[in-house]
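# Topology and contacts: notes
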Amino acid sequence: MNNTNVKIISYKDDYKVTLKNLLREYLEYTARFLIEEPWKFSVDIEKELAKTFDNLDQFKAPKGEIFLVIFDQKLVGTASLKMIRSNASELKRMYIEPRYQRQKKGQLLIENAIEKSFHFGATEIYLESPPPLKPAHKLYLKNGFELINEYPEVSIPHELRFNWVYMKRSIFNIKGQ
């Protein structure tokens, strides 16, 4: 896969509509799993999108960053990063459109998130993820994340927290080693 036409850029308002559509796709995908056992949880997608876009400031420097994956001048993926403590960040809503998955775009997002976390002063990066997103979990593990118990800043509803996946990675230098 040739990634020469891939760029990771910071969020710009020009991409608001496209990002909203991409996040809607992510939430719809996740909601399909959450309505089933063991959760039986219904996601109000419009409410979640409104909450996200009403709180974009928490994802802007120096507290955070929204990454956009641009491929052939089209938005195909995203991830958000925010500081949750003075020394810790959290990776949120990492998503690549299905037809662009398994092409190293997620790898580029993780590398950018680790580097930005280090730049923000974090020595640790956390994430929480729905259990059905197993390919993403493999990617996180490949990049040095480890499974952990729930961490204090988890923001998902309590009804979903059992059987959820929580991970953490230490950051020792700019290369994320």
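Anything mentioned here points back to the structure above.
Residues numbered from 1 in each chain as written. Predicted model: local features only at pLDDT ≥ 70, side-chain atom pairs only at ≥ 80, totals over all residues. Heavy atoms only, no water.

### Digging into the pairing of strand S3 (residues 74–85)
By the criterion of burial, S3 is predominantly enclosed, with 10 of the 12 residues buried. Where strand S2 (residues 64–71) and S3 come together, eight bridges link them in antiparallel fashion. The residue of S3 that forms the bridge with Glu65 is Leu81. Count of turn residues in the S2/S3 antiparallel hairpin: two residues, of which Asp72 carries a positive phi of about 50°. Alignment of S3 against strand S4 (residues 88–96), held across seven bridges, turns out to be antiparallel. Each residue of the ladder has a partner; that of Ser80, found in S4, is Lys92. Two successive antiparallel strands, S3 and S4, enclose a turn made up of two residues. (Buried < 20%, exposed > 50% of the residue type's maximum accessible area, 1.4 Å probe, protein only. Helix = DSSP H or I, 4+ residues; strand = E, 2+ residues; numbered from the N terminus. Pairing = 2+ DSSP bridges.)

### Considering the pattern of salt bridges
Considering all chains together, one arrives at 14 salt bridges under this definition. For Lys92, the salt bridge is made with Glu128, and the minimal N-O distance between the two is 3.2 Å. Here Lys92, found in strand S4, pairs with Glu128, found in strand S5 (residues 124–129); they are 36 residues apart in sequence, far enough to count as distant. The pair Lys92 / Glu128 is uniform in exposure class, with both members buried. With a shortest N-O distance of 3.5 Å, Arg99 and Glu97 are connected by a salt bridge. For Arg99, a relative accessible area of 56% puts it in the exposed group. Overlapping salt bridges, with partners in common, bring together Arg85, Glu124, Glu153 and Lys168 in one network. (Salt bridge = Lys/Arg side-chain N within 4 Å of Asp/Glu carboxyl O.)

### Thoughts on the packing of helix H1 (residues 16–34) against helix H2 (residues 45–54)
Running from N to C, H1 and H2 point in directions that differ by 135°, and their axes come no closer than 10 Å. As judged from the angle between their axes, H1 and H2 are oblique. You can see that H1 and H2 cross each other, and the crossing is right-handed. Facing Lys16, Leu19, Lys20, Leu23, Arg24, Leu27, Glu28 and Ala31 of H1, the residues of H2 in contact are Ile45, Glu46, Glu48, Leu49, Thr52 and Phe53. A per-class count over the contact of H1 with H2 returns seven nonpolar, one polar and six charged. (Axes fitted to C-alpha atoms, helices over the stretch in contact; angles between N-to-C directions. Parallel < 35°, antiparallel > 145°, perpendicular 65-115°, else oblique. Left-handed = near helix turned anticlockwise from the far one by under 90°. Contact = heavy atoms within 4.5 Å. Nonpolar A, V, L, I, M, F, W, Y, C, P; charged D, E, K, R; others polar.)

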